[in-house]
Amino acid sequence: PDIVFFGEQLPERFFSCAADDFKKCDLLIVMGTSLVVQPFASLIGFPKSDCPRVLINRERAGESGASMEKSFIFDDEGRDLFIQGDCDTTINDLVERLGWNEKETSNK
């Protein structure tokens, strides 16, 4: 499989794709991470400054003081949203609330 183990260098394609992909990003969803390991942790700073960013996690991560340039700022007025909880449970709830469950989508 195409995997990269902890401590191994990411392929060059990762960096070239990230630069192009984040230019088109209109919503960033980050789930289940401590946002400590680089270079992955720095990816939250790649989207444009007006792009909403959502962290779904058991605990807050990636806030100011963390080892990254453009940290999350979870306040009532900013572009960043923290949803505390288990990723699977939270996403299943979101899918249900949006009406994207299997029964609905299989009929379309």
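Residues numbered from 1 in each chain as written. Predicted model: local features only at pLDDT ≥ 70, side-chain atom pairs only at ≥ 80, totals over all residues. Heavy atoms only, no water.

Examining the confidence of the model for the protein
Of the residues in the protein, 89% reach a pLDDT of 70 or more, and the chain-wide mean stands at 87. Element-level mean pLDDT values for the protein span from 60 in helix α3 (residues 102-106) up to 97 in strand β2 (residues 53-57). (pLDDT = per-residue confidence, 0-100. Helix = DSSP H or I, 4+ residues; strand = E, 2+ residues; numbered from the N terminus.)

Some thoughts on the layout of surface pockets
Each pocket or cavity is described by its volume, and for the largest pocket that value is around 240 Å³. Looking at the largest pocket, it is lined by 13 residues, and the ones nearest its centre are Glu-8, Leu-10, Val-37, Gln-38 and Pro-39. Its residues assigned to classes, the lining of the largest pocket shows nine nonpolar, three polar and one charged. (1 Å grid on protein atoms, 1.4 Å probe; cavity = no way out; pocket = protein on both sides within 12 Å on 5 of 7 lines; lining within 4 Å. Points joined across faces, edges and corners; volume = space filled by probe spheres on them. Nonpolar A, V, L, I, M, F, W, Y, C, P; charged D, E, K, R; others polar.)

Some details on a nonpolar patch on the surface
A grouping of Phe-6, Val-36 and Val-37 is seen on the molecular surface, where their side chains present a nonpolar patch of about 340 Å² in accessible area. You can see Val-37 is positioned in the loop between β1 (28-31) and β2. (Patch = residues over 30% accessible without salt bridge, like charges linked within 9 Å, V, L, I, M, F, W, Y side chains within 5 Å. Areas by Shrake-Rupley, 256 points an atom, 1.4 Å probe, with all protein chains shown as cover. Salt bridge = Lys/Arg side-chain N within 4 Å of Asp/Glu carboxyl O.)

Remarks on the pattern of salt bridges
Taken as a whole, this structure holds four salt bridges when the rule is applied. In this structure, Arg-60 engages Glu-63 in a salt bridge whose closest nitrogen and oxygen atoms are separated by 2.9 Å. The exposure class assigned to Glu-63 is partly exposed, which follows from its relative accessible area of 26%. Salt-bridge contacts for Arg-97 lead to Asp-93; the nearest nitrogen and oxygen are separated by 2.9 Å. (Buried < 20%, exposed > 50% of the residue type's maximum accessible area, 1.4 Å probe, protein only.)

Brief notes about helix α2 (residues 87-98)
Taking 1.5 Å per residue, twelve residues should reach 16 Å; α2 reaches 16 Å between its end C-alpha atoms and fits that length. Its side-chain oxygen 3.2 Å from the backbone nitrogen of Asp-88, Asp-86 forms the N-cap of α2. Positive backbone phi, at 75°, marks Gly-99, one or two positions downstream of α2. (Expected span 1.5 Å × (residues − 1). Polar contact = N/O pair within 3.5 Å; in protein donor to acceptor, adjacent residues only side chain to side chain.)

Points about the packing of aromatic side chains
Considering all chains together, one arrives at four aromatic pairs under this definition. With a centroid separation of 5.0 Å and an interplanar angle of 90°, the aromatic rings of Phe-14 and Phe-15 are classed as edge-to-face. For the pair Phe-72 and Phe-74, a centre-to-centre distance of 5.1 Å together with 25° between the ring planes defines the contact as stacked. Counting every residue linked through ring pairs, the aromatic cluster contains Phe-72, Phe-74 and Phe-82. (Phe/Tyr/Trp six-rings, centres within 6.5 Å; stacked < 30°, edge-to-face > 60°.)

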